[in-house]
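Residue-level listing of the chains:
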Amino acid sequence: MLSSLRWKLPVRCMCGNNMSTPLPAIVPAARKATAAVIFLHGLGDTGHSWAEAFAGIRTPHVKYICPHAPIMPVTLNMNMAMPSWFDIIGLSPEAEEDDSGIKEAAENIKALIDQEVKNGIPSHRIVLGGFSQGGALSLYTALTTQQKLAGVVALSCWLPLRSSFPQAAANGVNKDVGILQCHGEADPLVPLVFGCLTVEKLKSIVNPANVSFKTYPRMPHSSCPQEMMDIKQFIEKQLPPIN
């Protein structure tokens with residue numbers, strides 16, 4: 001199981017200083033890459049654990065890119081510095097959000113997508129996804145970008161800055177994008193109700209027929225083999241091989 005329960009612990013910076021981050025963990029395609037998955041880890045984690053997970057379910061023509069979040073103080077964790085895409089102030093639905101940090105992080109992910117386009121993989125052959133905080137960022141990025149995506153995988157997460165939607169998505173191009181949203185029914189950190197509220201909001205923003213919500217009994221804030229198989233099937237559907 002992959003878990004972000006460790007996010008309550010301080011994590012040593014792997015990059016030598018707090019101003020830079022290491023290159024993403026990458027699972028290369030087994031043959032010529034004609035599609036890519038960009039997947040964002042949860043708070044306090046790195047891309048390595050998810051790269052390892054995707055190596056176990058990989059599709060031959062797909063490249064998997066798991067970037068590492070920068071190290072920053074996190075208000076929720078007593079300002080301890082750890083890998084985080086943006087600051088988290090609280091976990092309640094009414095908690096203040098890091099508006100500028102979320103928007104800046106989304107721009108960084110859009111730049112990562114642009115880099116893959118320059119590498120020869122068009123954006124409509126890229127699935128964006130993430131777990132927990134990374135899933136939240138993947139949803140926000142997908143709904144606000146001008147880059148047409150193949151799909152979104154949102155695990156154990158929520159929609160950040162939700163009060164700004166659907167206005168923030170008005171100019172987005174992913175209103176018909178396929179979204180796979182998954183959540184553990186026993187999640188103590190991001191409760192299932194967050195997932196339920198998120199899927200309701202998503203269905204009011206994008207084509208509801210393209211939003212799939214799967215829950216897993218007894219699964220905490222982590223992943224499980226069935227969820228990984230569901231992710232694999234979604235990726236293979238959204239990113240079929242091309243001749």
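Parameters and conventions
The numbers attached to residues start from 1 for each chain and follow its sequence in the written order. In keeping with the model being predicted, local features are shown solely for residues with a pLDDT of at least 70 and side-chain atom pairs are shown and tallied solely at 80 or more, while totals for entire chains, interfaces and linings include all residues. Heavy atoms from the whole structure form the basis of all side-chain values; hydrogens and water molecules are not counted. UniProt positions are given in the numbering used here, feature names are shortened, and annotations may be inferred rather than shown by experiment. All axes are obtained by fitting lines to C-alpha atoms, using only the stretch in contact for helices, and the reported angles, taken between N-to-C directions, cover 0 to 180 degrees. Elements are defined by DSSP. Helices are runs of H or I of four residues or more, strands are runs of E of two residues or more, and each kind is numbered from the N terminus. Any angle that is under 35 degrees is reported as roughly parallel, and any over 145 degrees as roughly antiparallel; angles of 65 to 115 degrees are reported as roughly perpendicular and all others as oblique. Contacts are assigned to residue pairs with any non-hydrogen atoms lying within 4.5 Å of each other. Nonpolar residues are Ala, Val, Leu, Ile, Met, Phe, Trp, Tyr, Cys and Pro. Charged residues are Asp, Glu, Lys and Arg, and all others, Gly as well, are polar. Whenever a carboxyl oxygen of Asp or Glu lies within 4 Å of a side-chain nitrogen of Lys or Arg, that contact is scored as a salt bridge. When a residue's accessible area, from a 1.4 Å probe over protein chains only, is under 20% of the maximum for its type it is buried; when over 50% it is exposed; and in between it is partly exposed.

If you look the chain up in an unreviewed UniProt entry, it shows as Acyl-protein thioesterase 1 from Lepisosteus oculatus. Heading Sequence similarities (unreviewed entry) of the UniProt record for the chain holds this comment: "Belongs to the AB hydrolase superfamily. AB hydrolase 2 family." Under the Subunit (unreviewed entry) heading, UniProt states for the chain: "Homodimer."

A.B. asks: What is the right way to look at the packing of helix 2 (residues 99-118) against helix 3 (residues 133-144) in this model?
C.D. replies: Two packed helices can be described by the angle between their axes and the distance between those axes. Helix 3 packs onto helix 2 with a crossing angle of 70° between their chain directions and a minimal axis gap of 9 Å. In terms of axis orientation, helix 2 runs roughly perpendicular to helix 3. Only Leu137, Tyr140, Thr141 and Thr144 of helix 3 make contact with helix 2, whose side of the interface consists of Ile102, Lys103, Ala105, Ala106, Ile109 and Lys110. A class-by-class count of the residues in the contact of helix 2 with helix 3 yields 6 nonpolar, 2 polar and 2 charged.

A.B. asks: Would you mind showing me how to read the pattern of salt bridges here?
C.D. replies: Two side chains that carry opposite charge are able to pair once their charged atoms sit near each other. For the coordinates displayed, the defined rule picks out 5 salt bridges. For Asp99, the salt bridge identified is with Lys103, shortest N-O distance 3.0 Å. Of this pair, Asp99 and Lys103 both sit in helix 2, 4 residues apart, roughly one helical turn. Residue class for Asp99 comes out partly exposed when judged on its relative accessible area of 36%. Judged by relative accessible area, Lys103 falls into the partly exposed class, the value being 40%.

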